[in-house]
Amino acid sequence: MDTGFLRVLLDPGRFFEARMQEEPSLKVPALIAIVIGLIGAVSTIPMTDLTMAMLPAEMQGLGLLMTVISAGVAFIGGFLAWAIYGVVFHIVSLIFKGQGSLERTMEFTGYGLLPQIFGGIIGTYFSYRLLSGLSIPSMTSPEQMVEFSENLVAVLTTSPLAQIAGLVSILFLVWSANIWIFGMKHARGLSTRDAVLTVGIPMGLYILYMLITLTGWL
Amino acid sequence: MKPLNVLIISLLCAAMAFTVPASAGPADIAVVSSSLDPSVLMKGDTGTLTVTIQNTGAETVAIRSARLYGSGVVPLSEPYPSVGEIGTGNSKTFTFSVRADGGEGTFYPTFVLDFRDGGGSLRYPVPIQVVDTPLSASVIQKPDAFAESRTADITVRVGNPRPNAASGVQVIPQGSGFTVTPTGGFIGALAPDASGTVTFNLTPTAETDVTFQVVWRNGINTHTADLVLPVAFGEDKKQADPVITNVEVTPIAGGYRIVGDVMNAGLESARSVIISPGAPATAIDPFRVYVVGTLDPDDISSFEVTFRADANTTEIPVVVEYRDNDGNRYTASTPIGLGGMTAAPIEGSEDGGFPVAGLLVVVLVALGVAGAIYYSWKRA
């Protein structure tokens, strides 16, 4: 059953095998990165609301500017993540004598980002639940805002909802990593073992870092 | 002398010898002893006076009546209207009830014996002592300060400054607003200048006056003396004094965590010390309360409590509950500021626990991802 590029979610091996018969195209991966960026931009709304509530009335204009900047950064974040993952995988695969163009690596890495759309949606929901549950005291001085910000970080890092959101992100990242293994295998002409190492080493380190951050060991 | 005259004189002498009674007069009757029970009376007391007489002569003496009269100490019983004869060497006892109607001092009611046949009478003043000094009571041990529902040891000493013994001495606490154990203390007989003590466990429930009533008997007469002990609540200088220091407030998801030290700055041990957040805070898991246990003087212990507070709450009390050695409960409250940040509870985790729905999402996602990965490798 051919379900288009969504087939990459459950059958990445055959999907990438089929893609290798065609010329590299970054259209669909770019579309995926755009969607991820949009979800990231939307996920900043609760945090932006929180920031706006902290600011005094005369600084609401600054808050609006901060909102636009945050949304822009979050939007670009989708493309940035795509680029970083792709470049890292390409470089690591060189160790295993990987062969193939960077464009193909980027294409397959972009497809691998597809599970991040689901992860982003669920993460945004948890973020909304977490931040909407907080009430903002009236603050009149910068010192109070700094104190609030520090306490907010403490709340967010110890919140069970934040931990759940982190766990969900890791799970979807594992799913993406699985797709990338098949992607690198075909894009860089690696053996299954080398493809697992190419993706597993950087992603393992990253997931380990996320777990450490999540459990508060850092 | 004519023989006739001699006969007449002889007959007269013989007649005189037969007509003169053997109890010739009061000279042979003597009061040999008198006693009073109790030996010393108090004002209004009734006592029993016993007078013993003896015939020390060689002849029987006929007595018509015996009576007692006087002022200050008056007889209550009737006189002896017909006594009769007392043989030589015999004695007889007369008993009178008397009452001390006058003031203090020594009184001399008169014991009177009337002899028959114009033999005159015997008057004997009997000394009776009346002393109105009561037993003295004093509190010789009590706490520095009383506290509501805190049991205090009260020791009462009863002394006998009277010249005679007191019997059946008791101390009975009276009044309201307290409970006491025992409800009465029995000392018994107290010799002159002797004393006895009774200890009570007094637990006041309100500020009040406790009257320790000393009850004793002087003979058959019952007397009382009151000792009033005012019970006013105050701060015990030795009591435990838990002090909270080194407090650190940390916002957590859904509330706050307070970590600090509690130290006993008093001179007595604080037992069963429990620390909890007070209203308006609502305690949440994992540290709704923190049980420290016993804090001896100068001991210190760390504690930790977690709670939730409303957005407008800037300060909450941390309540320390403890007991003294008698089990009386005390509370001390220390206000703790929360700072400028207020974290409202997060929906679904109001008690600070892990959200069940979120956990379910994690499990479902994990199953889905695992299934996808398994399927992808199976297809490969």
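Please read these numbers as outputs of a predicted model, since none were measured by experiment. (Residues numbered from 1 in each chain as written. Chains lettered and ligands numbered in written order. Predicted model: local features only at pLDDT ≥ 70, side-chain atom pairs only at ≥ 80, totals over all residues. Heavy atoms only, no water.)

### Considerations on the overall build of chain B
Put simply, the test is: Strands are runs of DSSP state E lasting at least two residues, helices are runs of H or I lasting at least four, and both sets are numbered from the N terminus onward. Here's how the labels work: a residue is buried when its accessible area is under 20% of the maximum for its type, exposed when over 50%, partly exposed in between, all with a 1.4 Å probe on protein chains only. Whether two residues touch is decided by their heavy atoms; if any such pair falls within 4.5 Å, the residues are in contact.
Broken down by element type, chain B carries two helices and 27 strands. Looking at chain B as a whole, 41% of its 380 residues are labelled buried. Long-range contacts, defined as pairs at least 24 residues apart, comprise 63% of the intrachain contacts of chain B with a sequence gap of at least 6.

### Comments concerning the confidence of the model for chain B
All names here are of chain B. The criterion, for reference: Confidence scores labelled pLDDT are given residue by residue by the predictor and lie between 0 and 100.
Put simply, chain B has an average pLDDT of 84, and 88% of its residues get 70 or more. In this model, residues 12-24 is a region of pLDDT below 50 whose contacts with residues beyond four sequence positions or in other chains number six contacts. Low pLDDT (under 50) marks residues 342-352, which in the prediction has 36 contacts with non-local residues, meaning those over four places away or in another chain. Reported confidence for the predicted complex is 0.86 by ipTM and 0.49 by pTM.

### What to know about the nonpolar core
Burial of nonpolar side chains together is a common tendency in soluble globular proteins. Defined as follows: We define a nonpolar core as any set of buried Ala, Val, Leu, Ile, Met, Phe, Trp, Tyr and Cys residues linked to one another through side-chain atoms lying within 4.5 Å.
Ranked by internal contacts, the top residues of the largest apolar core, which has 50 residues, are Val-8, Phe-16, Trp-180, Val-199 and Met-203 of chain A. Breaking this core down by element, the ones donating at least two residues are α1 (12-19), α2 (27-54), α3 (60-95), α4 (102-112), α5 (114-132), α7 (160-187) and α8 (192-215) of chain A together with α2 (356-379) of chain B. Ranked by residue count, the leading element in this core is α7 of chain A, at 16 residues. Those residues within four positions of Trp-180 of chain A in sequence are excluded, and the remaining contacts are Tyr-85, Phe-89, Phe-108, Thr-109, Gly-112, Leu-113, Val-199 and Met-203 of chain A. Ranked by size, the runner-up nonpolar core spans 26 residues in total, among them Ile-29, Phe-94, Val-98 and Phe-111 of chain B.

### Section: the sheet that holds strand β9 (residues 110-115) of chain B
In sheet architecture, strand pairing relies on hydrogen bonds along the backbone and comes in two forms, parallel and antiparallel. Residues and elements named next belong to chain B. Which entries qualify depends on this criterion: In this scheme, strands are said to pair when DSSP sees at least two bridges between them. Between the N-to-C directions of two axes lies an angle of 0 to 180 degrees, each axis being a line fitted to C-alpha atoms and, for a helix, fitted only over the stretch in contact.
Across the sheet, four strands lie side by side as β6-β4-β9-β10; this open sheet has antiparallel pairing. The open sheet has two edge strands with one neighbour each: β6 (84-86) and β10 (121-125). Taken over all neighbouring pairs, the strand axes of this sheet differ in orientation by 35° on average, direction set aside. Pairing analysis gives five bridges linking β9 to β10, with the strands arranged antiparallel. Pairing of Phe-111 across the sheet is with Tyr-124, part of β10.

### Here's the deal with the side chain of Ser-176 of chain A
Residue and element names in this part refer to chain A. Quick reminder of the rule: N or O atoms within 3.5 Å of each other form a polar contact, as long as, within protein, one can give a hydrogen and the other can take it, and as long as residues adjacent in sequence are counted only when both atoms are side-chain atoms.
Assignment of secondary structure puts Ser-176 in helix α7. At 2.9 Å, the side chain of Ser-176 forms a polar contact with the side chain of Gln-116. In this structure Ser-176 touches Gly-112, Leu-113, Pro-115 and Gln-116, once residues within four positions along its chain are discounted.

### Quick notes on the side chain of Thr-306 of chain B
Following the sequence through the fold, Thr-306 of chain B ends up in strand β25 (residues 300-308). Setting aside residues no more than four positions away along its own chain, Thr-306 of chain B makes contact with Ile-252, Tyr-256, Arg-257, Pro-277, Ala-283, Ile-284, Asp-285, Pro-286, Phe-287 and Arg-288 of chain B.

### Section: the environment of Ile-45 of chain A
Residues and elements named next belong to chain A. Its place among the elements puts Ile-45 in helix α2. Owing to a relative accessible area of 45%, Ile-45 belongs among the partly exposed residues under this scheme. Remark: the alpha-carbon pair of Ile-45 and Val-68, spanning 23 residues in sequence, is separated by 9.9 Å.

### Remarks on the environment of Leu-130 of chain A
Residues and elements named next belong to chain A. Here Leu-130 shows up in helix α5. We classify Leu-130 as buried; its relative accessible area is 7%. Sequence separation between Leu-130 and Pro-160 is 30 residues, and the spatial gap between their C-alpha atoms is 9.1 Å.

### Examining the pairing of strand β15 (residues 178-181) of chain B
As a general feature of sheets, a regular strand has side chains that alternate between the two faces. Residues and elements named next belong to chain B. Where burial is concerned, the two faces of β15 differ: the one with Phe-178 and Val-180 is buried and the one with Thr-179 and Thr-181 is not. By the bridge criterion, four bridges tie β15 to strand β17 (residues 195-204) in an arrangement that is antiparallel. When the bridges of β17 are listed, Phe-178 appears paired with Pro-204.

### Topic: the packing of aromatic side chains
Residues and elements named next belong to chain B. Convention followed: Aromatic rings from Phe, Tyr and Trp, with only the six-membered ring used for Trp, were paired whenever their centres fell within 6.5 Å, and each pair was classed as stacked if the ring planes differed by under 30 degrees, edge-to-face if by over 60, and tilted otherwise.
What the rule picks out here adds up to 20 aromatic pairs over all chains. With 5.5 Å between their ring centres and 45° between their planes, Phe-94 and Phe-111 make a pair best called tilted. Taken together, the positions of Phe-94 in strand β7 (residues 91-100) and Phe-111 in strand β9 put the pair 17 residues apart, joining distant regions of the chain. Taken individually, Phe-94 and Phe-111 each receive the classification buried, so the pair is uniform in this respect.

### Remarks on the UniProt feature "transmembrane region" (unreviewed entry) in chain A
For clarity, the threshold we go by: UniProt positions are given in the numbering used here, feature names are shortened, and annotations may be inferred rather than shown by experiment.
When the UniProt feature table is mapped to this numbering, "transmembrane region" (unreviewed entry) covers residues 28-48, 68-96, 108-128, 161-183 and 195-217 of chain A. Within residues 68-96 of chain A, the helical portion is 97% and the strand portion 0%, while the C-alpha atoms at the span's ends are 43 Å from each other.

### Structural notes on the pairing of β7 of chain B
Residue and element names in this part refer to chain B. When strand β3 (residues 46-55) meets β7, the two strands line up antiparallel, connected through nine bridges. Within the sheet, the bridge partner assigned to Leu-49 lies in β7 and is Phe-96. The sheet contact formed by strand β5 (residues 73-75) and β7 spans three bridges and is antiparallel. Note that in β7 the partner of Val-74 across the bridge is Arg-99.

### Focus: α5 of chain A
Definition in use: Each residue after the first adds 1.5 Å to the expected span of a helix.
With 19 residues, α5 of chain A extends 28 Å between its outermost C-alpha atoms, agreeing within 8% with the 27 Å of an ideal straight helix rising 1.5 Å per residue. Within α5 of chain A the residues assigned to the buried category are Leu-114, Pro-115, Gln-116, Ile-117, Gly-119, Gly-123, Thr-124, Phe-126, Arg-129, Leu-130 and Leu-131 of chain A.

### Some points on the sheet that holds β17 of chain B
Residues and elements named next belong to chain B. Across the sheet, which stays open at both edges, the four strands sit in the order β12-β13-β17-β15 with antiparallel pairing between neighbours. With partners counted over all chains shown, the strands left at the sheet margins are β12 (136-141) and β15, one partner each. Each adjacent strand pair in this sheet contributes to an overall mean axis angle of 35°, direction not counted. Sheet analysis places strand β13 (residues 152-159) next to β17, joined by eight bridges and oriented antiparallel. Each bridged residue has a counterpart across the sheet, and for Ile-154 the counterpart in β17 is Phe-200.

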